[in-house]
Amino acid sequence: MRDHEAQPAVILVSGGLDSATVLAMATNAGFACRTLAFDYGQRHRVELEAAAEVSRSLGAIEHRVVTLGLQGIAASALTDSSIDVPVDRAEKEMSADIPVTYVPARNLVFLSLAAAYAETIGAFDIFLGVNAIDYSGYPDCRPEFIESFVQTAALATKAGVEGSPFRIRTPLIDLSKAEIIEKGTALGVDYSITHSCYAPTADGLACGRCDSCHLRAKGFRDAGVADPTRYAEGVSA
């Protein structure tokens with residue numbers, strides 16, 4: 001019997017708005033949540049501090065950080081300072097193609113490590129805050145990828161081969177950013193401690209100009225919820 005009540009679950013947390021909401025949802029559903037963050041060489045390292053704070057705030061049993069160093073093999077504006085983070089783009093432009101902020105195979109790597117950790121601790125549920133609506137065109141945020149990974153994990157793990165495959169839970173995948181904020185607000189998420197910006201200032205302020213800042217700000221506006229984000233520059237209405 002694998003009733004989810006009090007069962008362990010692995011929650012991938014980035015420190016951002018989406019993963020904080022997912023953690024709150026998993027906790028509210030009765031899972032014993034263990035959070036996993038990744039130090040993959042990202043330039044916006046303030047998100048690692050936010051991930052730890054979000055995990056503490058929302059009652060995670062344990063928070064771990066895995067160091068990967070993808071900056072040496074996965075070129076992206078998020079890992080390479082020589083590549084500029086796009087700013088002031090319209091929503092249509094954001095989703096027109098795969099942007100330079102895409103980190104090659106990032107969610108594939110993250111989910112593989114999450115599955116290894118989950119199998120080790122006897123967890124069968126992995127929560128991921130991917131979203132296929134208000135997003136920046138990343139291929140590893142699509143339902144097709146998640147479905148494919150579930151099948152791969154069932155074939156590649158002892159748990160899967162023995163008849164206990166992982167469930168990859170993506171409760172935000174069909175929600176708008178505003179709907180995500182509404183759900184998180186109802187669950188008491190403190191969004192002031194989350195961080196979404198791709199190009200924060202040296203003192204941790206959100207730039208207010210990157211794709212992530214624009215989508216975040218628009219989500220709060222559309223939800224009718226006050227945006228607690230500290231922006232270095234005002235985002236457009």
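Please refer to the structure higher up on the page.
Below: a short report on this structure. (Residues numbered from 1 in each chain as written. Predicted model: local features only at pLDDT ≥ 70, side-chain atom pairs only at ≥ 80, totals over all residues. Heavy atoms only, no water.)

Helix and strand counts for the chain stand at eight helices and five strands. For the chain, the N- to C-terminal ordering of α and β elements is β-α-β-α-β-α-α-β-α-α-β-α-α. Taken against the 2.2 N^0.38 rule, which gives 18 Å for 237 residues, the C-alpha radius of gyration of the chain at 17 Å falls within 12% of a compact globule. By its C-alpha atoms, the chain is 50 × 40 × 30 Å across when sized along the principal axes. Expressed as a percentage of the 237 residues in the chain, the buried residues total 49%. Sequence separation of 24 or more characterises 73% of the internal contacts of the chain that already satisfy a separation of 6 or more. Of the side-chain charges in the chain, 20 are positive and 30 negative, and the distance between the mean point of each set is 2 Å. (Helix = DSSP H or I, 4+ residues; strand = E, 2+ residues; numbered from the N terminus. Rg over C-alpha atoms; globule rule 2.2 N^0.38 Å. Buried < 20%, exposed > 50% of the residue type's maximum accessible area, 1.4 Å probe, protein only. Contact = heavy atoms within 4.5 Å. Lys, Arg positive; Asp, Glu negative; His and termini not counted. Charge placed at Lys NZ, Arg CZ, Asp CG, Glu CD.)

As a further point, take the pairing of strand 1 (residues 8-12). Most of strand 1 sits inside the fold, with five of its five residues counted as buried. Taking every second residue as pointing to the same face, both faces of strand 1 are buried, with Pro8, Val10 and Leu12 on one and Ala9 and Ile11 on the other. Pairing of strand 1 with strand 2 (residues 32-39), which is carried by five bridges, proceeds in the parallel orientation. Note that in strand 2 the partner of Ile11 across the bridge is Thr35. At this point the chain moves from strand 1, through helix 1 (residues 17-28), to the parallel strand 2, and the crossover so formed is right-handed. With three bridges connecting them, strand 1 and strand 4 (residues 125-127) associate as parallel partners. Across the sheet, the residue bridging to Ile11 is Phe127, located in strand 4. (Pairing = 2+ DSSP bridges. Right-handed = clockwise from strand over helix to strand, strands pointing away.)

Attention now moves to the packing of aromatic side chains. The full count for this structure, using the stated rule, is six aromatic pairs. Note on Phe31 and Phe127: the rings are 5.2 Å apart at their centroids and 70° apart in plane angle, and the pair reads as edge-to-face. You can see Phe31 sitting in the loop between helix 1 and strand 2 and its partner Phe127 sitting in strand 4, a full 96 residues away along the chain. When the centroid spacing of 5.7 Å and the interplanar angle of 55° are considered together, the rings of Tyr40 and Phe110 count as tilted. Highlighted residues: Tyr40 in the loop between strand 2 and helix 2 (46-57) and Phe110 in helix 4 (residues 106-121), separated in sequence by 70 residues. There is no split in this pair, since Tyr40 and Phe110 are both buried. Chaining the aromatic ring pairs together yields one cluster made of Phe38, Tyr40 and Phe110. (Phe/Tyr/Trp six-rings, centres within 6.5 Å; stacked < 30°, edge-to-face > 60°.)

The biggest cluster of nonpolar side chains holds 39 residues, and the ones touching the most others in it are Val10, Leu12, Leu111, Ile126, Ile146 and Phe166. Among the elements of the structure, strand 1, strand 2, helix 4, helix 5 (143-156) and helix 8 (211-223) are those that each provide at least two residues to this core. The greatest single-element share of this core, amounting to six residues, is contributed by helix 4. By size, the runner-up hydrophobic cluster in this structure holds 26 residues, among which are Ala20, Leu172, Ile181 and Phe220. (Core = buried A, V, L, I, M, F, W, Y, C linked by side-chain atoms within 4.5 Å.)

A few words now on empty space enclosed by the protein. Under the definition given, this model contains two cavities of 30 Å³ or more. Here the largest cavity is characterised by a volume of approximately 740 Å³. Lining the largest cavity are 36 residues, and of these Ser14, Asp18, Arg106, Gly129 and Tyr198 sit closest to its centre. Mapped by element, the contributors of at least two residues to the lining of the largest cavity are helix 1, strand 2, helix 2, helix 4 and helix 8. Broken down by element, the residue count for the lining of the largest cavity peaks at four residues, all from helix 8. (1 Å grid on protein atoms, 1.4 Å probe; cavity = no way out; pocket = protein on both sides within 12 Å on 5 of 7 lines; lining within 4 Å. Points joined across faces, edges and corners; volume = space filled by probe spheres on them.)

All we've got here are geometric facts, nothing functional implied.
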